[in-house]
Amino acid sequence: MKPNLVELISQTVKLKKVGREWQGLCPFHSDKIPSLKVNPEKESWFCHSCQVGGSAYDWVMRRDGVDFAEAKRCLDDSPPAERTIIATYDYTDPDGKLLYQVVRYYPKSFSQRQPDGKGGWVNNLKGIEPVLYNLPALASAEMVYIVEGEKDANRLILEGLVATTSPGGAGKWKPHYSQTLQGKKVIIIPDNDAEGEHHASQIIASLKNVVREVLICRLPGLADKGDGSDWLDAGNNIKDLEKYCQKPDTEPKLEIR
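Residues numbered from 1 in each chain as written. Predicted model: local features only at pLDDT ≥ 70, side-chain atom pairs only at ≥ 80, totals over all residues. Heavy atoms only, no water.

## Observations concerning unusual backbone geometry
At glutamate 43, a residue that is not glycine, the phi angle is positive and equals roughly 55 degrees. Tracing the sequence through the fold places glutamate 43 in the loop between β3 (36-39) and β4 (44-47). For glutamate 43, a relative accessible area of 36% translates into the label partly exposed. In this model, glutamine 51 sits at a positive phi of 60 degrees, which is unusual for a non-glycine residue. (Helix = DSSP H or I, 4+ residues; strand = E, 2+ residues; numbered from the N terminus. Buried < 20%, exposed > 50% of the residue type's maximum accessible area, 1.4 Å probe, protein only.)

Here it is as structure tokens:
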């Protein structure tokens, strides 16, 4: 049974009843006062800071980074606690041949699988050497953005940038990935948390003396635990991102290692 809107939002946000509405800190930006309002009578939500809102489907789309069809399936076709595939991310060789996939589920979790050669899958990477995401585009690129997940990489790719990530999330960078980026300019956009900073430091150490230049760009005003997609969703555009990632003399300061 689909949860009502208050129940749905309460899964990730602490709500307080104020009059006929419920209020809480919006998770989509660095919220200091309760900007998020939930109206159970209208079954709608709205953030007065982000200036975004909508239905339960809009909430799931924004929370999980999925399209309407996936949000509808999560809410209408599956119990809230049931694990459901909401996205797959292909990892290929330089020629575009599929090597393996990262699978994203709702509730949020991940797994990896490789083709079994018979139209199905083997749920492991045994015998596969992991590679960077979006590998075919990296060979000819002069500049590459590194983010912490496939969803964020896809967001930058859709905006016309060359972006990549390593499978497995923060802390899973492998030394052999660095050779793929040899001689390039690399810009790392870390998630705004301790794990993101550690991940960025790990990548920088691995890229030293391999790439032409490596920068770390901490986006201004990024919410705690936020990422590049959150920053763009908060009203910034790709030109803003490129500006902050290309000018070391502007805020946020880029640390050249």
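## Focus on the environment of alanine 205
Tracing the chain through its elements places alanine 205 in helix α7 (residues 194-207). Overall, the relative accessible area of 56% leaves alanine 205 in the exposed class. Along the chain, alanine 205 and histidine 29 lie 176 residues apart, while their C-alpha atoms are 30 Å from each other.

## Things to note about the pairing of strand β10 (residues 143-146)
Here is the key point about a regular strand: its side chains alternate between the two faces of the sheet. The pairing of β10 with strand β12 (residues 185-188) spans four bridges and is parallel. Among the inter-strand pairings, methionine 143 is bridged to a residue of β12, identified as lysine 185. Summarising the sheet, β10 and strand β11 (residues 163-164) pair through two bridges and their orientation is parallel. Note on β11: the bridge partner recorded for isoleucine 146 is threonine 164. This β-α-β element, β10 to helix α5 (residues 150-158) to β11, shows right-handed connectivity. (Pairing = 2+ DSSP bridges. Right-handed = clockwise from strand over helix to strand, strands pointing away.)

## Brief notes about the sheet that holds strand β2 (residues 21-24)
Sheet architecture is open: five strands sit in the order β1-β2-β3-β4-β5, paired in antiparallel fashion. Only two strands of the sheet have a single neighbouring strand rather than two, namely β1 (16-18) and β5 (52-54). The mean angle between the axes of side-by-side strands here comes to 20 degrees, regardless of whether they run parallel or antiparallel. As judged from the three bridges shared by β1 and β2, these two strands associate in the antiparallel manner. Bridge pairing in β2 places lysine 17 opposite tryptophan 22. (Axes fitted to C-alpha atoms, helices over the stretch in contact; angles between N-to-C directions.)

## Looking at the state of the cysteines
Scanning the entire structure with this criterion turns up zero disulfides. Free cysteine cysteine 26: the closest other cysteine sulfur is in cysteine 47, separated by 3.6 Å. The structure places no disulfide on cysteine 50, whose sulfur is separated from the nearest cysteine sulfur, that of cysteine 47, by 3.7 Å. The class for cysteine 50 is buried, based on a relative accessible area of 13%. (Disulfide = S-S within 2.5 Å.)

## What about the packing of aromatic side chains?
Using the criterion set out here, one finds nine aromatic pairs in the structure. A centroid spacing of 6.1 Å and a plane angle of 50 degrees characterise the contact between phenylalanine 28 and tryptophan 45, whose relative ring orientation is tilted. Of this pair, phenylalanine 28 sits in the loop between β2 and β3 while tryptophan 45 sits in strand β4, and the two are 17 residues apart along the sequence. Side by side, phenylalanine 28 and tryptophan 45 carry an identical accessibility label, which is buried. Through pairs of rings, three or more aromatic residues link up here, namely Tyr89, Tyr91, Tyr100 and Tyr133. Seen from the ring of tryptophan 121, arginine 113 lies directly overhead, with NZ or CZ sitting 4.1 Å from the centre. The residue whose ring lies beneath lysine 243 is tyrosine 244, and the NZ or CZ to ring-centre distance is 4.8 Å. (Phe/Tyr/Trp six-rings, centres within 6.5 Å; stacked < 30°, edge-to-face > 60°. Lys NZ or Arg CZ within 6 Å of the ring centre and 35° of its normal.)

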